[in-house]
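An overview of the molecular structure
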Amino acid sequence: MSGTRLTIREETTVHDHRKLGRELDLFDTDPLIGSGLPYWLPAGAAVRQALEQYILGVERRAGYRHVYSPVLGKRELYEISGHWSHYSEDMFPPMDLGGEQLVLRPSLCPHHALIYRSRAHSYRELPLRMAELGGMHRSELSGVLGGLTRVRAIQLNDAHIFCTPEQAAGEALGALELIRRAYAVLGIQAVRYRLSLPGAGGKYVADPELWERSCKLLTEVLEASGVPYEAVEGEAAFYGPKIDVQIADGAGRESTLSTVQIDFHQPERFDLHYISADGAKHRPVMVHRSIIGSVERAVAHLIEVHGGAFPAWLAPVQLVAVPISEAEVPAAAALVEQCLDQGLRAELAGPEHGTLGARIRAARLVPYQAVIGAREASAGAVALRLRDGRRPEALPAGEAVGRVAAVVAARSSELWGG
């Protein structure tokens, strides 16, 4: 295939995450679980966990504080937030339980508003950045469901920043910068930045003054960021405008991965406040932001971008030890143990898995292969084969593992340092 440019149709076939996801044992579905409810196999779970750990670390370094909140809430909660009147067609029906109606949440923001409201806050605490990798549910029609991109159970990388009106633009700009950095590490390209504005119809909150304020702030943020953008009517959230960061698959189909929103509506609905320097109560602004959106959609896009050949830090298996014969199995097993001690995901592919050639081919997407023969086993050395075809000089096993661990820790797109 080298030297041949794939057509869009061929490229889409090769890099369709639904096909690759099943071939590489990343995820699958079962009719007894239901449409739009994929489950993650061990390899896919490893990719997902690596991505989640990366995002949690990014957020901690940026001053976010993580919380957990339940996936259920009383119907009254969503009546207060406005979801019930403006968004109920995308929500699952209420469940009657002990005289109460409980609903699978369609978003995390009402829960985070209540967490903020549960304690008094001073202006000195703001901005308060609250983040969660939390579950939510959307009642998607079966005809639009597919793979990981459109699902009914969503794990969302969500955050809400409670801040003063004067801080809102700076916080939104900071969120855009986090998105830009994450895309660079993940190998994702944004194809378009969209200022999503309200359109005609009654699905939007009727408060022209709040819409004007939030639209003005987001426009300022986009202008300050220097990214080209276009304004599109009818794509806003029901409570406010948003910046949508658009990605595209191999066929050019766009979807939204990341968002930044400025919300004056829900702080009013939940009567949120902070005590200012003047001793009076003031209303905070909620900045909604998601660096990678839903974990499901992010992983789907990463599968297609990398064709299953993930960067070393994301790969389900980062190193596979391949002993030539049974005699080298103990040395290969010891190498795997060294890798596991360094926090690497490593596996042993012994002779019971087939011929040497078959085992090497089966591990073609693994970033590092360590083929161990009698010479390497006796010397305690490792001669790595990199996925890109390179073969660095043999190194002592500990040094080789350390080099690999350093590349993984740096989340580098390269497989080997200089």
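See the structure printed just above.
For every chain, the first residue of the written sequence is number 1, and numbering continues from 1 onward in sequence order. For a predicted model such as this one, the threshold for reporting local features is a pLDDT of at least 70, and the threshold for listing and counting side-chain atom pairs is 80 or more; totals across whole chains, interfaces and linings nevertheless cover every residue. Heavy atoms from the whole structure form the basis of all side-chain values; hydrogens and water molecules are not counted.

What about empty space enclosed by the protein?
Here a cavity is any set of points on a 1 Å grid over the protein atoms alone where a 1.4 Å probe fits but cannot get out, and a pocket is any open set with protein on both sides within 12 Å along at least 5 of 7 lines; a residue lines the site when it has an atom within 4 Å of a point. Grid points are joined across faces, edges and corners, and a volume is the space filled by probe spheres set on the points. Within the structure shown, the criterion is met by one cavity of 30 Å³ or more. What lines the largest cavity is simply Val205, Asp207, Leu210, Trp211, Ser214, Tyr239, Gly240, Pro241, Ile262, Asp263, Phe264 and His265. Its residues assigned to classes, the lining of the largest cavity comprises seven nonpolar, three polar and two charged. As a working rule, the residues Ala, Val, Leu, Ile, Met, Phe, Trp, Tyr, Cys and Pro are called nonpolar, Asp, Glu, Lys and Arg charged, and the rest polar, with Gly in that last group.

Some words on the packing of aromatic side chains
In this analysis, rings of Phe, Tyr and Trp, with Trp reduced to its six-membered ring, are considered paired at centre separations within 6.5 Å, and the interplanar angle assigns stacked below 30 degrees, edge-to-face beyond 60, and tilted for intermediate values. Overall, the coordinates contain three aromatic pairs when judged by the stated rule. Ring geometry for Tyr54 versus Trp313: centroids 5.4 Å apart, planes at 55°, classification tilted. Taken together, the residues span a long stretch of sequence, with Tyr54 in helix α3 (residues 42–61) and Trp313 in the loop between α10 (295–306) and β16 (319–323) at a distance of 259 residues. Like Trp313, Tyr54 is buried. Measuring from ring centre to ring centre gives 4.4 Å for Tyr116 and Phe162, while their planes differ by 15°; the resulting arrangement is stacked. Pair noted here: Tyr116 is in helix α6 (residues 109–117) and Phe162 is in strand β8 (residues 153–163), with a separation of 46 residues, a long-range link. Over the aromatic face of Phe264 sits the side chain of Arg213, whose NZ or CZ is 4.0 Å from the ring centroid. Here a strand is any run of E in DSSP of at least two residues, a helix any run of H or I of at least four, and the numbering for each starts at the N terminus. Residue burial is assigned from relative accessible area. The probe radius is 1.4 Å, only protein chains are included, and a residue is buried under 20% of its type maximum, exposed over 50%, and partly exposed in between. Two thresholds decide whether a charge sits over a ring: the Lys NZ or Arg CZ must be within 6 Å of the ring centre and within 35 degrees of the ring normal.

Looking at the sheet that holds strand β20 (residues 384–386)
Pairing within the open sheet is mixed, and its four strands lie in the order β17-β16-β18-β20. The open sheet has two edge strands, β17 (346–348) and β20, and neither has a second partner. The average angle at which neighbouring strand axes cross in this sheet is 25°, direction not considered. Examined bridge by bridge, β16 and strand β18 (residues 368–372) share five bridges and lie parallel to one another. Across the sheet, Val320 pairs through a bridge with Gln369, a residue of β18. Pairing between two strands is assigned when DSSP locates at least 2 bridges connecting them. For every element, the axis is a line fit to its C-alpha atoms; helices are fit only across the contacting stretch, and the angle between N-to-C directions ranges from 0 to 180 degrees.

What to know about the pattern of salt bridges
Counted as salt bridges are all cases of a side-chain nitrogen of Lys or Arg within 4 Å of a carboxyl oxygen of Asp or Glu. Going through the model one piece at a time under the given rule, you end up with 22 salt bridges. The salt bridge partner of Arg194 is Glu235, with a shortest N-O separation of 3.7 Å. Of this pair, Arg194 sits in strand β9 (residues 192–197) while Glu235 is found in the loop between β10 (229–233) and β11 (242–248), placing the two residues 41 residues apart along the sequence. Accessibility expressed as a relative area gives 8% for Arg194, which makes it buried.

Some remarks on helix α8 (residues 208–225)
Given a rise of 1.5 Å per residue, 18 residues ought to cover 26 Å, and the 26 Å separating the end C-alpha atoms of α8 matches this to within 8%. If you check which residues of α8 are buried, you get Leu210, Trp211, Ser214, Cys215, Leu217, Leu218, Val221 and Leu222. Along the long axis of α8, the arc covered by the buried residues comes to 165°, so they all point the same way. The outward face of α8, more than 90 degrees from its buried face, is lined by the exposed residues Pro208, Glu209, Glu212, Lys216, Glu223 and Ala224. Elements in contact with the buried residues of α8: α7 (168–186), β9, β10, β11, β12 (254–263) and α9 (265–269). Gly226 occupies a position one or two residues after α8 and carries a positive phi of about 80°. Multiplying 1.5 Å by the helix residue count minus one yields the expected span of that helix. Of all possible arcs, the one meant is that of the directions from the helix axis to the C-beta atoms. We call two residues in contact whenever any of their non-hydrogen atoms come within 4.5 Å of each other.

Thoughts on the packing of α3 against α7
A packed helix pair is summarised by two numbers, namely the angle formed by the two axes and the spacing between the axes. Contact geometry for α3 and α7: axes closest at 12 Å, N-to-C directions at 145°. Relative to α7, α3 is oriented so that their crossing is right-handed. On the side of α3, the interface is formed by Leu51, Tyr54 and Val58, while α7 contributes Leu178, Arg181, Ala182, Val185 and Leu186. Of the residues in the contact of α3 with α7, the class split is seven nonpolar, no polar and one charged. By definition, any crossing whose near helix is turned counterclockwise from its far helix by less than a right angle is left-handed, and any crossing with a clockwise turn is right-handed.

Re the sheet that holds strand β15 (residues 285–290)
What the eight strands build is an open sheet, ordered β3-β7-β8-β15-β12-β11-β9-β10; its pairing is mixed. Bordering the open sheet on either side are β3 (65–66) and β10, each of which pairs with just one other strand. Relative to β11, β9 runs antiparallel, the two sharing five bridges. By the bridge assignment, Tyr193 is partnered in β11 with Val245.

With respect to the nonpolar core
By nonpolar core is meant a set of buried Ala, Val, Leu, Ile, Met, Phe, Trp, Tyr and Cys residues that side-chain atoms within 4.5 Å join together. Among the nonpolar cores identified, the biggest contains 82 residues, and Leu176, Ile262, Leu314, Leu335, Tyr368 and Leu384 are the most heavily contacted of them. Counting residues per element, this core draws most heavily on α7, which supplies nine residues. With residues near it in sequence (within four places) discarded, Leu314 still touches Val47, Ala50, Leu51, Leu186, Leu302 and Arg345. Listed in part, the 17 residues of the second largest apolar core include Val103, Leu128, Phe162 and Leu272.

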